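One-letter residues, chain by chain:
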Amino acid sequence: MPLSFRSNTHGNIAFGFFNIESDMLLLENYFFFADSFCKWVIELAKQGDEAYTDLNCPVFHISDSKDAGDLMGAIHGMRFTGFIGTLYQRFPFPKDPLAFKQNPRGFETHKIVTAEIKNFAKRKKIAIGFSKEGQFHMGSYLFDKEVF
């Protein structure tokens, strides 16, 4: 589930997986798949310490929180709104707490998850990169190196 991380620009924000049957990540109102995020970070790491070129990365952006949905309501099976609610109707939170584990084969749901998010989100490119000061930014979110 998304964890709270301290950003330099927006205070504490949610970042991480939000449904155990998908490897999609959320960063507040940006949604993207884990394999894409890993490729972006690897590409940035290849630049070394001398280059600080931003990458323009495609993400899904949901500007209205109602369209994003209610994560806690969906987890508890009480409120299935927006994209997150739709996903939890397809892939419900397990009733057995011991079954609560991120599926390592979450990439197999990419087509389903992509089809669902397109009903709520717009595609957008955001800049990500490292600064000379060692900070990481993703869109308008800025993190210290230690937090990232």
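Per chain, residues are indexed from 1 in the order of the written sequence. At least 70 in pLDDT is required for a residue's local features to be given in this predicted model, at least 80 for side-chain atom pairs to be given and counted, and no such filter applies to totals for whole chains, interfaces and linings, which use all residues. Calculation of side-chain values draws on the structure's entire complement of heavy atoms; hydrogens and water are dropped beforehand.

### Some points on the pattern of salt bridges
Quick note on the threshold: For salt bridges, the criterion is a side-chain nitrogen of Lys or Arg within 4 Å of an Asp or Glu carboxyl oxygen. We call a residue buried when its accessible area falls under 20% of the maximum for its residue type, exposed when it is over 50%, and partly exposed in between, using a 1.4 Å probe and counting protein chains only. Put simply, DSSP H or I for four residues or longer makes a helix, DSSP E for two residues or longer makes a strand, and each gets a number counted from the N terminus.
According to the stated counting rule, one finds 3 salt bridges in the structure shown. Put simply, Arg-79 and Asp-70 hold a salt bridge, and the shortest N to O gap is 3.3 Å. Since its relative accessible area comes to 47%, Arg-79 is described here as partly exposed. Glu-116 serves as the salt-bridge partner of Arg-90, at 3.0 Å between the closest nitrogen and oxygen. With Arg-90 in helix H4 (residues 82-90) and Glu-116 in helix H5 (residues 110-117), this pair connects stretches of sequence that are 26 residues apart. Residue classification places Arg-90 among the partly exposed positions, given a relative accessible area of 46%.

### Let's talk about the packing of aromatic side chains
Formally: For Phe, Tyr and Trp, where Trp contributes only its six-membered ring, two rings pair if their centres lie within 6.5 Å, and the inter-plane angle classes them as stacked under 30 degrees, edge-to-face over 60, or tilted in between. Note on geometry: a ring has a charge over it if NZ (lysine) or CZ (arginine) is within 6 Å of the ring centre and within 35 degrees of the ring normal.
Applying the stated rule across the entire model yields 17 aromatic pairs. Centre to centre, the rings of Phe-5 and Phe-15 are 6.1 Å apart; their planes meet at 70°, and the pair counts as edge-to-face. Of this pair, Phe-5 sits in strand S1 (residues 3-7) while Phe-15 sits in strand S2 (residues 11-17), placing them 10 residues apart in sequence. The interplanar angle of 70° and the centroid separation of 6.5 Å between the aromatic rings of Phe-37 and Phe-148 together place this pair among those described as edge-to-face. Of this pair, Phe-37 sits in helix H1 (residues 34-46) while Phe-148 is found in the segment after strand S8 (141-143), placing the two residues 111 residues apart along the sequence. For Phe-148, a relative accessible area of 37% translates into the label partly exposed. In textbook terms, an aromatic cluster arises when at least three aromatic residues are bridged by ring pairs, as seen for Phe-5, Phe-15, Phe-32, Phe-37, Trp-40, Phe-130, Phe-136, Phe-143 and Phe-148. Positioned above the aromatic ring of Phe-60, the side-chain terminus of Arg-123 is 4.1 Å from the ring centre.

This is a description of form; function is not addressed.
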